[in-house]
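A structural walkthrough
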Amino acid sequence: MDRSDKIKRAADSADEAVQEAADSTWFERTARAGFLANGLVHTVLGVTAVAVGFGRSGEADQTGAIQQIAAKPFGMVLIVLCLIGCALMTLWCLVNAFFGSSSLRGAESRDLQEHEGRRRWIDFFKMFGSAIVYCAIALTFSQFVVGSGSDSGKASSQASVTLAKAPGGLYLLMAIGVVIVIVGISFCINGVVCNWKDDLRMPGQRPVRSLLLATGVIGYLGKGVTLLAMGILVFVSAATGDPEEFTGIDGALKAMRDQPFGPYLMLAVGIGLVLYGIFLGLRSRYDRME
């Protein structure tokens, strides 16, 4: 057997091992903790958004939510567990995007002009996008574990200013804002048409099923409106040449608060985020994870 055959056999063996890991029960069950961690952050974020909407101080973003978790008894233990859960969910999404059920490898078709091809690409990008989301949340948790948690609003503003100084930076920021708006609209549409039900095993108990449906619909709408506000703020701050005005979710929600009937809109969005957090908690139990 020549060297190229040995390398190919070793690569095939490694590939098979990764696919077996992706399909293993233990990997799936531990990765489900990522849903719980994300749900916890959204629940605390929703409660904070309601409080900030009615005049209380605080950061209505992921960093502010995790700060509140850290301040509770055994908060750091919970943050470490959330970090592990999000890291495992990131790994699970990546493995499935490149080797598992959402992989383009072995697909019957990858032609975007064919229905099967489009579905395959959509599944791949959904899984890869989920990996990015959970990686970002894991990094936020990790900052608190190592003691370097920072003001995410200030960090978002600094990142926007840095990007704006690059050639074409303002146009890139505007494009990012448009993408976030599109994602927000997608969340709202999913909340109405309930596309997310295809990814779940619906519970047999009627009360649990009703709770899952209600939290999913309202939660997706709350998350979608939050992303819409954030995307609009990114776009407007770039279009007006003031990228430092973008301060992440916190800035978007506080800008919403300053509008007519803003506190009541914040109340509705906060409730939506809380319900989205509860939905993610239920999803940790009922997601197919295929």
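Residues numbered from 1 in each chain as written. Predicted model: local features only at pLDDT ≥ 70, side-chain atom pairs only at ≥ 80, totals over all residues. Heavy atoms only, no water.

Let us look at the overall build of the protein. Across its full length, the protein holds 11 helices and zero strands. Its helices and strands taken in sequence order, the protein reads α-α-α-α-α-α-α-α-α-α-α from the N to the C terminus. Scored against the burial criterion, the 290 residues of the protein give a buried share of 41%. Taken as a whole, the protein presents about 15300 Å² of accessible surface, with 64% of it coming from carbon and sulfur. (Helix = DSSP H or I, 4+ residues; strand = E, 2+ residues; numbered from the N terminus. Buried < 20%, exposed > 50% of the residue type's maximum accessible area, 1.4 Å probe, protein only. Areas by Shrake-Rupley, 256 points an atom, 1.4 Å probe, with all protein chains shown as cover.)

Attention now moves to the state of the cysteines. Applying the stated rule across the entire model yields zero disulfides. Cysteine Cys82 is unpaired, with the sulfur of Cys86 as its nearest cysteine sulfur at 6.5 Å. On the basis of relative accessible area, Cys82 is assigned to the buried category, the value being 5%. (Disulfide = S-S within 2.5 Å.)

On the surface, a nonpolar cluster with roughly 810 Å² of combined accessible area is contributed by Phe74, Met76, Val77, Leu78, Val80, Leu81, Ile84, Val145 and Val146. Counting residues per element, the nonpolar patch draws most heavily on helix 5 (residues 75–98), at six residues. Along the chain, Phe74 turns up in the loop between helix 4 (62–70) and helix 5. Of the residues examined, Phe74 reaches a relative accessible area of 69% and is grouped as exposed. (Patch = residues over 30% accessible without salt bridge, like charges linked within 9 Å, V, L, I, M, F, W, Y side chains within 5 Å. Salt bridge = Lys/Arg side-chain N within 4 Å of Asp/Glu carboxyl O.)

On to the side chain of Thr90. Tracing the backbone through its elements, the reader meets Thr90 in helix 5. Discounting residues that sit within four places of it in the chain, Thr90 has contacts with Ala131, Tyr134 and Cys135. (Contact = heavy atoms within 4.5 Å.)

Under the criterion given, the structure shown has three salt bridges. Note that Lys126 is salt-bridged to Asp199, the shortest N-O span being 3.9 Å. Of this pair, Lys126 sits in helix 6 (residues 115–145) while Asp199 sits in the loop between helix 8 (169–193) and helix 9 (206–239); the two residues are 73 residues apart in sequence, bridging distant segments of the chain. On the accessibility criterion, Asp199 (29% relative accessible area) is partly exposed. For the salt bridge of Arg283 with Asp199, the shortest nitrogen-to-oxygen distance reads 3.4 Å.

Turning to the packing of aromatic side chains, a few remarks are in order. Two aromatic rings, taken as a pair, are described by how far apart their centres are and by the angle between their planes. As enumerated under the stated definition, the model contains eight aromatic pairs in all. Ring centres 6.2 Å apart and planes at 70° place the aromatic pair Phe187 and Tyr276 in the edge-to-face group. One end of the pair, Phe187, is in helix 8; the other, Tyr276, is in helix 11 (residues 262–286), with 89 residues separating them in the sequence. Take Phe187 and Tyr276: they sit in the same class, and that class is buried. One aromatic cluster is present, formed by Phe187, Trp196, Tyr220, Tyr276 and Phe279 through successive ring pairs. (Phe/Tyr/Trp six-rings, centres within 6.5 Å; stacked < 30°, edge-to-face > 60°.)

We now examine the side chain of Thr215. For Thr215, the location among the structural elements is in helix 9. Here Leu212 takes part through its backbone oxygen, which lies 3.2 Å from a polar atom of the side chain of Thr215. Beyond its immediate chain neighbours, meaning those up to four positions away, Thr215 contacts Tyr220, Leu275, Tyr276, Ile278, Phe279 and Leu282. (Polar contact = N/O pair within 3.5 Å; in protein donor to acceptor, adjacent residues only side chain to side chain.)

Moving on to the nonpolar core. In terms of nonpolar packing, the biggest core is built from 52 residues, with Cys86, Met89, Trp92, Phe141 and Phe279 touching the most fellow members. Counting only elements with at least two residues in this core, the list comes to helix 3 (33–53), helix 4, helix 5, helix 6, helix 8, helix 9, helix 10 (248–257) and helix 11. Sequence-distant contacts of Phe141, that is, excluding residues within four places in its chain, are made with Ala37, Val41, Ile66, Ile79, Cys82, Leu83 and Cys86. (Core = buried A, V, L, I, M, F, W, Y, C linked by side-chain atoms within 4.5 Å.)

Per the UniProt annotation, the sites labelled "transmembrane region" (unreviewed entry) are residues 35–54, 74–100, 121–146, 170–196, 217–241 and 261–282. The distance separating the terminal C-alpha atoms of residues 121–146 is 37 Å; by composition the span is 96% helix and 0% strand. Here residues 261–282 runs as 95% helix and 0% strand, with 32 Å between its end C-alpha atoms. (UniProt positions renumbered as here; feature names shortened; annotations may be inferred.)

This part is about the environment of Leu172. By secondary structure assignment, the location of Leu172 is in helix 8. Counting along the chain gives 66 residues from Leu172 to Ala238, while the straight-line C-alpha distance between them is 8.7 Å.

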